[in-house]
Amino acid sequence: MPKQNGNRIRSIGYAANSAHSKLKPFSFERRPLGPKDVLIDILYCGICHSDIHSARSEWRGSMYPVVPGHEIVGKVANTGSSVRKFKAGDIVGVGCMVGSCGRCASCKAGHEYDCAEGGPTWTYGSEERRIGGHTYGGYSNNIVVDQDFVLRIPKNVDLAATAPLMCAGTTTYTPLRYWKAGPGQTVGVLGLGGLGHVAVKIARSMGAKVIVLTSSKGKVRDALRLGADEALLTSNRAQMRKYMNSFNLIIDTVSADHDLNGLLQLLKPDGKMVLVGLPSNPLKIDAFSLVNGHKVLAGSGLGGIKETQEMLDYCARRMIAADIELIPIQKVNQAYDRIVKGDVKYRFVIDMKSLQKSR
Ligand code: NAP
Ligand code: ZN
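Residues numbered from 1 in each chain as written. Chains lettered and ligands numbered in written order. Predicted model: local features only at pLDDT ≥ 70, side-chain atom pairs only at ≥ 80, totals over all residues. Heavy atoms only, no water.

Novice: Tell me about the site of ligand 1, residues and numbers included.
Specialist: With respect to spatial proximity, 28 residues lie near ligand 1, and among them His49, Thr214, Ser215, Ser216 and Arg347 are the closest. Within the contact set of ligand 1, an oxygen atom lies 2.8 Å away from a side-chain nitrogen or oxygen of serine 50. Against a free-state accessible area of 920 Å², the protein chains account for coverage of 86% of ligand 1. Listed by contribution, the elements that provide at least two residues to the shell around ligand 1 are α1 (49–55) and α5 (194–205). Its residues assigned to classes, the shell around ligand 1 comprises eleven nonpolar, 15 polar and two charged. (Near = heavy atom within 4 Å. Polar contact = N/O pair within 3.5 Å; in protein donor to acceptor, adjacent residues only side chain to side chain. Areas by Shrake-Rupley, 256 points an atom, 1.4 Å probe, with all protein chains shown as cover. Helix = DSSP H or I, 4+ residues; strand = E, 2+ residues; numbered from the N terminus. Nonpolar A, V, L, I, M, F, W, Y, C, P; charged D, E, K, R; others polar.)

Listed below in structure tokens is the structure:
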């Protein structure tokens, strides 16, 4: 049981103190366990590219210190007096959200990410409404979360490889379901990183033909190993021309600036390009790229809590998890640099046992 100050829960983790500083050990407090709260000892936390965007304030306005991490798997340590869904010892997950109003139409529809009261409470970098300050994420030894935002991790799964599903899984499952990826559909996955490689596995399991579009020559063969039917190098103009008018749906997971207009030509008439990647600069669209062929440019974020549970159960049944490199937390800054260079196959996951060495 962690030490308590008053009733607050003491935590240790890694934080960035400014957009240009490295992540370093950081001690902080979490709110006392409320009646509906679950205290979770964190076992594993994936490193999403959003963590890097946030730690480096690439989307501007990050609240420091930033303790990133929203791909959390852990064990329930304690529960508040009215918690009925979980008990000590349960293996659970926490994704990008830890709260929402619960009353608005979006929350009632299971779309907590669109909560009308200013959006949900994000796992890190949102106002911590009960004790002030802001929320801290999963690069830490523990977390306190409302039971309604805690997910049940299915039995017999690899816990470290399942952690990335808490964000990469839900963010790719949701648009693939929404836009009806399935037999007879050709689905492109643009960018073979953390999100992209999970998208390949899920789209394949749904029965779609899957074609990876990558900017990295070294990933072409890997894409096939991961289950793609084909893989194209986006810098190869002749190949790209050959695939014009071929895709029903493209999931764009790219984290940096890129030109969408050429890529939109790959869609069939009525095809859909769905942005899930969040580059920090605006993308430029030529209206003709959409008007010709009645194409749809859409966006998609993570799934709601109910859909995230559905995704976890779906992936467990089909033995879908991330391909991971497990690291101690002391290597987090190197991991960030390697992700930005595209040098990870395909998700770093922090083994939180290593945090003991930073005490
Ligand atoms: P990641 O592991 O770094 O993968 C991004 C991939 O984009 C890279 O592997 C690379 O794939 C491609 N890429 C990177 N730089 C590029 C460039 N300059 N030009 C072309 N391609 C480039 O990142 P991730 O964790 O999957 O996250 C991807 C993006 O999704 C991030 O912006 C993240 O913030 C965002 N995200 C959004 C949501 C949401 O709710 N919508 C949730 C999670 C993450 P290739 O080497 O194959 O080209
Ligand atoms: Zn994420």
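Novice: Describe in detail the sheet that holds strand β16 (residues 296–299), supporting the description with residues and values.
Specialist: If you trace the six strands from one edge of the open sheet to the other, you get β13-β12-β11-β14-β15-β16, paired in parallel fashion. Two strands bound the open sheet, and with one partner strand each, they are β13 (230–233) and β16. The mean inter-strand angle of the sheet, taken between neighbouring strand axes irrespective of direction, is 20°. (Pairing = 2+ DSSP bridges. Axes fitted to C-alpha atoms, helices over the stretch in contact; angles between N-to-C directions.)

Novice: Give me the side chain of threonine 174: which residues, what numbers.
Specialist: When you line up the elements, threonine 174 lands in helix α4 (residues 168–178). The class for threonine 174 is buried, based on a relative accessible area of 9%. One polar contact links the side chain of threonine 174 to the main-chain carbonyl oxygen of threonine 170, over a distance of 2.9 Å. (Buried < 20%, exposed > 50% of the residue type's maximum accessible area, 1.4 Å probe, protein only.)

Novice: Which residues make up the coordination of the zinc ion (ligand 2), and what are the values?
Specialist: Surrounding the zinc ion (ligand 2) are the protein donor atoms Cys48 (SG), His70 (NE2) and Cys167 (SG), at 2.0 to 2.3 Å. For cysteine 167, a relative accessible area of 5% gives the class buried. (Donors = N, O, S within 2.8 Å, 3.2 Å for Na, K, Ca; no water.)

Novice: Explain the pattern of salt bridges residue by residue, including any values.
Specialist: Taken as a whole, this structure holds 21 salt bridges when the rule is applied. In this structure, arginine 347 and glutamate 71 form a salt bridge, with 2.8 Å as the shortest nitrogen-oxygen distance. On the criterion of sequence distance, the pair formed by arginine 347 in strand β18 (residues 347–351) and glutamate 71 in the loop between α1 and β5 (72–79) is long-range, its members being 276 residues apart. Of the residues examined, glutamate 71 reaches a relative accessible area of 0% and is grouped as buried. One salt bridge in this structure joins glutamate 310 and arginine 177, with 2.4 Å as the shortest N-O distance. Linking glutamate 310 in helix α10 (residues 305–317) with arginine 177 in helix α4, this pair joins segments that are 133 residues apart in sequence. The exposure class of glutamate 310 is partly exposed, given its relative accessible area of 33%. Connected through shared salt-bridge partners, Lys201, Asp222, Arg225, Asp323 and Lys345 make up one network. (Salt bridge = Lys/Arg side-chain N within 4 Å of Asp/Glu carboxyl O.)

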